[in-house]
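The chain contents come next:
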Amino acid sequence: MKIINGNALETIPTLHKINSVVTSPPYYGLRHYGEYSLEWPTTEYCEHEWIEYKSKGISGGTKSKKVKVKDTINYSIVEPGNYAFCNRCGAWFGELGQEPTITLYIKHLVQIFHEAYKVLDDTGICWVNIGDTYAGSGGAGGDWTKGKRSEAQKWCQQQDEIEDKSLMLIPFKFQEAMVADGWIFSAMDIWEKPNVMPSSAYDRPTTNYEFWFAFTKQKISIPSEVLKIPTGQNKYKHFATYNINVCRKPISYATGTVLDPFCGSGTTGIEAVKQRKDFIGIEINKEYVGIAYEYISSSVPIISSGITDI
Ligand SMILES: C[S@@+](CC[C@H](N)C(=O)[O-])C[C@H]1O[C@@H](n2cnc3c(N)ncnc32)[C@H](O)[C@@H]1O
Ligand SMILES: [Zn+2]
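Every value quoted in this text rests on a predicted model; they were computed, and no experiment measured them.

The rules we used
- Residues numbered from 1 in each chain as written.
- Chains lettered and ligands numbered in written order.
- Predicted model: local features only at pLDDT ≥ 70, side-chain atom pairs only at ≥ 80, totals over all residues.
- Heavy atoms only, no water.
- Pairing = 2+ DSSP bridges.
- Helix = DSSP H or I, 4+ residues; strand = E, 2+ residues; numbered from the N terminus.
- Axes fitted to C-alpha atoms, helices over the stretch in contact; angles between N-to-C directions.
- Left-handed = near helix turned anticlockwise from the far one by under 90°.
- Contact = heavy atoms within 4.5 Å.
- Near = heavy atom within 4 Å.
- Polar contact = N/O pair within 3.5 Å; in protein donor to acceptor, adjacent residues only side chain to side chain.
- Nonpolar A, V, L, I, M, F, W, Y, C, P; charged D, E, K, R; others polar.

Chemist: Even after reading the chapter, I still don't get the sheet that holds strand S9 (residues 120-130), so can you show me in this structure?
Modeler: What links the strands of a sheet is backbone hydrogen bonding, and the strands pair in either a parallel or an antiparallel sense. Within the open sheet, the eight strands sit side by side as S1-S14-S13-S2-S9-S11-S10-S12. Their pairing is mixed. Each end of this open sheet is capped by a strand with a single partner; those strands are strand S1 (2-5) and strand S12 (226-228). Strand-to-strand twist of the sheet, defined as the mean angle between neighbouring strand axes without regard to direction, takes the value 20°. The pairing of strand S2 (residues 18-23) with S9 spans five bridges and is parallel.

Set out below in structure tokens:
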């Protein structure tokens, strides 16, 4: 069992063969997971010139454009939590899930899973838990960022022209992009949550389901099911934790190392260790790495003695 502190995009290529991916990426436009931003690679070489963008309508606004030029290399001093585009090549700088458009968010997810494809066994399965969001809603689970719509959703509405109150169909846009990138879409489970609180919004229904998509490299027969399982809650409330029971089925298919590239509080790790499978987690937020170790070790006594392995 190992949890690595890093960006999934850069860390996955350093792994040896893995047998299974079981994960839940940051959903679109919902939460901030920490004070970090990433520069997303583009194919062309560019000396980036970062232009910060502002999101309209957020009280307080964003800081003014800050670009410094040192020798010939431009570098950004964009504040953490802020986002920038390169004026020259269109590259983007920011946190996964907070992209200004759905298209860019999905591109980044597919880039990360593309790396997983390369290290995944030919018979392996990549399970992705993903849900949809109503445009302008603040999120499927009501996870408003400090009580306001997140910046990304504002931008999405401006740029992708999705009407308020419309489902954004993100899971299916993601699924299409994964198949276009070479994955086989082998199965889809629906996770139905019987305990979801009715939405306080009067003009859109409560979302009480999410999806588990199973992507493979070869045709593998996996029965699609509806899993009726309550939402998870652990003491780490700031996480979008999934219930440990929803990863039981995906992990049961693993015959070797299970990878969760968005490890969060480590729920996948608990179930993997319970099923006596080797587990690797990747998590960008250092603080969460410690939490995941603590959560896994306190939930699964058999490994509590072996936590030296960071
Ligand atoms: C939806 S949460 C996962 C929750 C997890 N399933 C659990 O039960 O706790 C997504 C996680 O991905 C992390 N994350 C976001 N961008 C990342 C990246 N580029 N590389 C690695 N981890 C990332 C976030 O910090 C967050 O903890
Ligand atoms: Zn550039």
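Chemist: Could you clarify how one ought to interpret the packing of helix H6 (residues 267-274) against helix H7 (residues 286-299) in this entry?
Modeler: Look at H6 against H7: their axes get within 9 Å of each other, and the N-to-C directions meet at 35°. Once H6 is placed against H7, the crossing between them reads as right-handed. Residues Thr 267, Gly 269, Ile 270, Val 273 and Lys 274 of H6 lie in contact with H7, whose contacting residues are Tyr 295, Ile 296 and Ser 299.

Chemist: Explain the site of ligand 1 here, please?
Modeler: Ligand 1 sits among 22 residues. The nearest are Asn 7, Ala 8, Ser 265, Thr 267 and Glu 283. In the environment of ligand 1, a nitrogen atom lies 2.8 Å from a nitrogen or oxygen atom belonging to the backbone of Ala 8. Interatomic distance of 2.5 Å between a side-chain N/O atom of Thr 267 and an oxygen atom of ligand 1. Looking at the shell around ligand 1, its residues break down into 13 nonpolar, eight polar and one charged.

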